[in-house]
Amino acid sequence: MNKLIIATTVLIAGLVSCNLSKKSVDTTAEVEFTCDDKITYTSTVKGIFDARCTGCHSGSKPAYGIDLTTYESASSVVDKRLTCVIGWEDNCNKMPPSGGQLSAVERQQIQCWIDNGKKL
Ligand code: HEC
């Protein structure tokens, strides 16, 4: 009888924790994001690049010859390449290569910036 109670408890605990983890994944996917003119290089994109990219993409020998420290150089990266690398898509290098992928919101902000014509 005791064994049955323990087994039931373990089963319920398992179901509950499974449900909880599923919920938290759903919440992440539903993060709200508004793409508007406020998303500019200066307001948003520079901060992301500085935090996650310029450790390698700066200096006299930036990785792959791509300097992401100024508006001029960062906005000259081909749109499709930028989308591809931050999306960790198959036919390009996954950027940043360390420290994990950019968050969904950060990626949407960069994509929004591209779609709105890469405003300064
Ligand atoms: C740890 C160093 C490092 C960081 C951080 C980093 N990169 Fe790179 N990046 C590289 C290297 C090295 C290459 C050359 C390709 C390779 O060897 O993987 C590269 C290549 C690229 C390319 C061209 C490659 C292609 O497939 O088109 C782009 C675009 C790029 N990085 C963008 C970014 C962006 C955007 C970030 C930040 C979100 C970033 N990188 C962060 C090291 C880095």
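Throughout, a residue's number is its position along its own chain's written sequence, starting from 1. For a predicted model such as this one, the threshold for reporting local features is a pLDDT of at least 70, and the threshold for listing and counting side-chain atom pairs is 80 or more; totals across whole chains, interfaces and linings nevertheless cover every residue.

(A) Examining the overall build of the chain more closely. Per the secondary structure count, the chain includes five helices and zero strands. For the purposes of this entry, the term helix denotes a DSSP run of H or I that reaches at least four residues, the term strand denotes a run of E that reaches at least two, and both are numbered from the N terminus. Its helices and strands in sequence order give the chain the pattern α-α-α-α-α, from N to C terminus. Exposure criterion: with C-beta atoms placed from backbone coordinates, a residue whose C-beta has 20 or more other C-beta atoms within 10 Å is buried, one with 12 or fewer is exposed, and one in between is partly exposed. Taken over 120 residues, the chain has a buried fraction of 13%. Contact between two residues is assigned whenever their backbone-derived C-beta positions fall within 7 Å. In the chain, once contacts between residues fewer than 6 apart in sequence are set aside, the share between residues at least 24 apart is 62%.

(B) Here's a closer look at the site of the ligand. In the region of the ligand, 20 residues are neighbours, and Cys 53, Cys 56, Ala 63, Cys 92 and Met 95 sit closest. Per-element accounting of the shell around the ligand gives the leading share, four residues, to helix H4 (residues 79–86). Within the shell around the ligand, the residues separate by chemical class into 14 nonpolar, four polar and two charged. Think of it this way: take the backbone, place a C-beta atom on it, and check whether that atom is within 6 Å of the molecule or strand, in which case the residue is near it. Amino acids outside the nonpolar list (Ala, Val, Leu, Ile, Met, Phe, Trp, Tyr, Cys, Pro) and the charged list (Asp, Glu, Lys, Arg) are all regarded as polar, and Gly is one of them.

(C) Broad picture of H4. When we look at burial in H4, the residues that qualify are Leu 82, Val 85 and Ile 86. Buried residues of H4, seen end-on, are gathered within an arc of 90° and therefore sit on one face of the element. Backbone geometry just after H4 places Trp 88 at a positive phi near 50°. The directions considered for the arc run from the helix axis to the C-beta atoms.

(D) Inspection of the nonpolar core at higher detail. The biggest cluster of nonpolar side chains holds twelve residues, and these are Ile 39, Val 45, Cys 53, Leu 68, Ala 74, Leu 82, Val 85, Ile 86, Met 95, Leu 102, Ile 110 and Trp 113. Of all the secondary-structure elements, those providing two or more residues to this core are H4 and helix H5 (104–115). No other element matches the three residues that H4 contributes to this core. Any nonpolar core is a set of buried residues, restricted to Ala, Val, Leu, Ile, Met, Phe, Trp, Tyr and Cys, that join up through C-beta atoms within 7 Å.

(E) The environment of Leu 68, seen in detail. Note on placement: Leu 68 falls in the loop between helix H2 (41–52) and helix H3 (71–75). Its 24 C-beta neighbours within 10 Å are what place Leu 68 among the buried residues. Sequence separation between Leu 68 and His 57 is eleven residues, and the spatial gap between their C-alpha atoms is 5.5 Å. Once you skip the residues sitting within four places of it in the chain, Leu 68 turns out to touch Phe 49, Cys 53, Thr 54, His 57, Ser 58, Ser 73 and Ala 74.

(F) Just the packing of H2 against H5, in detail. At their nearest, the axes of H2 and H5 sit 10 Å apart, and the two run at 130° to each other. Taken as axis vectors, H2 and H5 run oblique relative to one another. Relative to H5, the crossing made by H2 is left-handed. Between H2, through Tyr 41, Thr 44, Val 45 and Ile 48, and H5, the contact on the second element is made entirely by Glu 106, Gln 109, Ile 110 and Trp 113. Split into classes, the residues belonging to the contact of H2 with H5 amount to five nonpolar, two polar and one charged. Angles here are taken between N-to-C directions and fall from 0 to 180 degrees, while the axes themselves are lines fitted to C-alpha atoms, restricted in helices to the stretch in contact. In these notes the angle categories are as follows: under 35 degrees is roughly parallel, over 145 is roughly antiparallel, 65 to 115 is roughly perpendicular, and the rest is oblique. Throughout, a crossing is termed right-handed when the near helix is turned clockwise from the far one, and left-handed when it is turned anticlockwise from it by less than a right angle.

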